[in-house]
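Results of the structural survey
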Amino acid sequence: MRKICPLEHHVSLWVLSVLLLNLIGTKDASATIVYTVDHPITTQAKCWIHAVEEAGDYQIGMAWIEVKSGNKVPVEVFVNSNRVKVLYAPVGEVTRFETRLEGLAVGDEIRVKVTPSESAYRIGYQIAFATPTFDGLPVFNVAGYGAAGDGTTDDRTAIRKAVDAAIAAGGGIVRFDGTKTYRVIGDKSPNIENLFDLVGVGGIKIEGNGANLVLYPPDRLAYIDNSENIQVDGFTVDYDPLPYYQGTIDAIDVANLTVDITVPDRYEVPLVGPNTLPAGWPFFTYTFVPDSPGARTGTGRHLYIDSTERIEDQARKIRLHARSNMTPALQHAVDRGATEIIVPHRDYGHRGVFSLSVRRSSRVTVSNVLFHLLPHLGIQPAENVGPVTFSNVDLLVKDPGTELFFSWRGAYSVTGHNRWGFLIEDGDWNGSAMYDDLLAFYTRTQDVMGVDGQTLDLKFNIEVHAGLFRPGDWISVWTEDQTRLRGMSRIARVGAERADHTFDVTLESLPPGTRVNDVAINEELYNRDTLVRNCTNRDVGASNSSTRLRTGGHFLNCDFEDVNIYTEFDRTFHSVRARNLVLENCTIRPTDHGRILLYRAIHPKIIGCTLDNIFVLIGGDTDSAWLQGNSWINMTGNIVEMTDDCEACLFGDSTRNGSAENLSDWVKTDATSTIRYSAPSDYPADLPPLR
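Every value quoted in this text rests on a predicted model; they were computed, and no experiment measured them.

1. With respect to the confidence of the model for the protein
Looking at the protein, the pLDDT average stands at 92 and 95% of residues meet or exceed 70. Per-residue pLDDT stays below 50 along residues 6-30; that stretch engages in 60 contacts with residues further than four places along the chain or on separate chains.

Have a look at this one:
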């Protein structure tokens, strides 16, 4: 329902429903995107109201205001009479105001209000409904389609029949018995099969009720693509046979690049021979060095293996042959006294897909799922066009007393470009049992290959393609090293992708000074409003886990043990400088590195956190870092170190080992960097009065 509030004189809504339908296929998208505004330039005060028709969570996304002239412009977001977001938008800039609105009731009103004073501006945003709903849909019990749930029978065909029946009905609830274990085998080959294959569908809930799923590797739980109003809920997911084996190290021959191991009886007898990955790819193995005798936590090094063989025809005595560049890693294992090594199964370990993918979809929730291990990559939200939520998705080693493995690569790998920020909440993880990142969030730049009037010739880079660009998207243009913003403009037209992976975008206006070798960033593909809250990580496994950020993100009320948090900028991988990273009310415990790295970040904030033997390293031209009200505990050295032309403010009752005295004694800066021990000039933010 749309209403006009008293300030409104004339409303011009550019309704983008046709665009959204193109993004998510032929389904009716109105259930997710409930309100759209794209208002042309005006000097008038405006107010838009949306009356909530379905109870649940909402997001304001794709939200921007551009002030063309005059003075700063107040933007306010209300739920009923409660103001939930407020800011002044400065003149000459594009300001974003994405907002989460949770737990709304039918009849609540979402109000966006703009009250300029002799200023010209334009504004656009969408309101999306984020909660999947399945009222009145038919139920399809998997038992009714032949699923035994006895832990022995292959229930794959029966489960697929139930899912297909729900899809054929136009939507439904596929229900499992929570007391049972469903074994899923399928074709029993290295081919990757999806148990829940949800492509181009809507209104499907997979209701596990706590059931156990035992998959055959390397199959994956779910592939959700081009779909809307989906929920996968209530499972414990395991694999049998295991996609790896974990051997005790008997000998390491650095000169001959070999490792001899004994494999315990709890694993099937390993297959041997050359690895079966695509040409050029080694097995990603890693060694384990316990941090104390008998511990199941420690450190390790990645080790690339090309082939395996039996030693003297003994079934469980295996020799690993490492690559020629692995000499330092092998020497490290010798010097540190490595005791075990984790190796992929030859035929179905370490495959190159994600165990759970949510792509090009909207209003999708994965909830109450416990993964005990994954035979390949973890969870991928990519190119989504509406809200996606991962709630209480736990990634935990099944038996930490013996096992050191969870997955070959990252847990949450955001290799795609989401138009709406996703939510990760209430997750419990063993990140250091993963080969790669616990969390990796990033987008990519595009190279400016040519400039012709208002048209840019762009070359797309890793995971980016012309189909992701849409008329109306905001583009920012930066110098090649991203030290200076040329300006921003909206896309008027997108050309077809050419054979050389280039395409044209015509802008409303060309940012001044734009030239060849600049880089362009699609601001709508930045995973904006991504929130990680109330999550924990506990140290089980062979090395510290990492959170690698090439975009921003808000981490709230998290308790991370042994997590290396850092912003990463690498031109080789076309990284975007991380902007507006926030760590708030989090506890960060020691890592191998013992630091949080803010490298080339733009306005990162660490607020109200407890940093346990962790210092903050700020480098690479990081701009305007805020360190506000943090408690450094168990420190023996510096709390902050700065290098390479950085700026920071340390303020707000921060303490070191309980004391606020002489904090500057524990801050190290080089001659190019500056830190102030007071609030920055724009803190607190200048906010419009409540009227």
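2. What about the pattern of salt bridges?
Following the criterion strictly, the structure yields 38 salt bridges and no others. Among the ionic pairs, Arg100 bridges to Asp529, the shortest N-O distance being 3.6 Å. Highlighted residues: Arg100 in strand β8 (residues 99-104) and Asp529 in the loop between β40 (519-522) and β41 (531-533), separated in sequence by 429 residues. On the accessibility criterion, Asp529 (24% relative accessible area) is partly exposed. The shortest N-O distance in the salt bridge between Asp436 and Arg548 comes to 3.6 Å. In this pair, Asp436 sits in the loop between β33 (428-429) and β34 (439-441) while Arg548 sits in strand β43 (residues 545-549), placing the two residues 112 residues apart along the sequence. This pair shows no difference in class: Asp436 is buried, exactly as Arg548 is. Because the salt bridges share partners, they merge into one network encompassing Asp436, Asp437, Arg548, Arg550 and Glu568.

3. Remarks on the layout of surface pockets
Roughly 470 Å³ of internal volume is contained in the second largest pocket. If you trace the second largest pocket, you find 22 residues lining it, with Trp281, Gly352, Leu377, Arg409 and Asp436 closest to the centre. Among the elements that line the lining of the second largest pocket, the one with the most residues is strand β27 (residues 351-359), at three residues. Of the residues belonging to the lining of the second largest pocket, the class tally is nine nonpolar, five polar and eight charged.

4. A short note on the nonpolar core
Formed by 124 residues in total, the largest nonpolar core has its most connected members in Phe176 and Phe196. Take this core: its biggest share by element is six residues, from helix α2 (residues 156-168). Excluding its chain neighbours within four sequence positions, the residues that come into contact with Phe176 are Val142, Ile159, Tyr182, Phe196, Ile206, Glu207, Gly208, Asn209, Ala211, Leu213 and Phe235. Counting 26 residues, the second largest nonpolar core, distinct from the first, contains Tyr58, Leu101, Ile123 and Ile127.

5. Observations concerning α2
When the terminal C-alpha atoms of α2 are compared, their 18 Å separation across 13 residues agrees well with the 18 Å that a helix rising 1.5 Å per residue should span. Each element contacted by the buried residues of α2 is listed here: β11 (139-141), β12 (150-154), β13 (172-175), β14 (181-184), β15 (194-199) and β16 (202-215). Among the residues trailing α2, Gly170 stands out with phi positive, at a value near 85°.

6. Some thoughts on the pairing of strand β9 (residues 109-114)
With six bridges joining them, strand β3 (residues 46-51) and β9 adopt antiparallel strand pairing. If you follow Cys47 over to β9, its bridge partner there is Lys113. In the sheet, strand β5 (residues 73-79) pairs with β9 via five bridges, with the strands oriented antiparallel. Bridge pairing links Val75 to Val114 in β9.

7. With respect to unusual backbone geometry
Across the junction of Pro217 and Pro218, the peptide omega takes the value 5°, indicating a cis bond. Relative to the assigned elements, Pro218 resides in the loop between β16 and β17 (220-225). At the junction of Asp240 and Pro241, the peptide bond is cis and its omega measures out at 0° in the coordinates. Of note, the phi angle at Asn229 is positive, near 60°, even though the residue is not glycine. Assignment of secondary structure puts Asn229 in strand β18 (residues 228-239).

Thresholds, definitions, all that
Residues numbered from 1 in each chain as written. Predicted model: local features only at pLDDT ≥ 70, side-chain atom pairs only at ≥ 80, totals over all residues. Heavy atoms only, no water. pLDDT = per-residue confidence, 0-100. Contact = heavy atoms within 4.5 Å. Salt bridge = Lys/Arg side-chain N within 4 Å of Asp/Glu carboxyl O. Helix = DSSP H or I, 4+ residues; strand = E, 2+ residues; numbered from the N terminus. Buried < 20%, exposed > 50% of the residue type's maximum accessible area, 1.4 Å probe, protein only. 1 Å grid on protein atoms, 1.4 Å probe; cavity = no way out; pocket = protein on both sides within 12 Å on 5 of 7 lines; lining within 4 Å. Points joined across faces, edges and corners; volume = space filled by probe spheres on them. Nonpolar A, V, L, I, M, F, W, Y, C, P; charged D, E, K, R; others polar. Core = buried A, V, L, I, M, F, W, Y, C linked by side-chain atoms within 4.5 Å. Expected span 1.5 Å × (residues − 1). Pairing = 2+ DSSP bridges.

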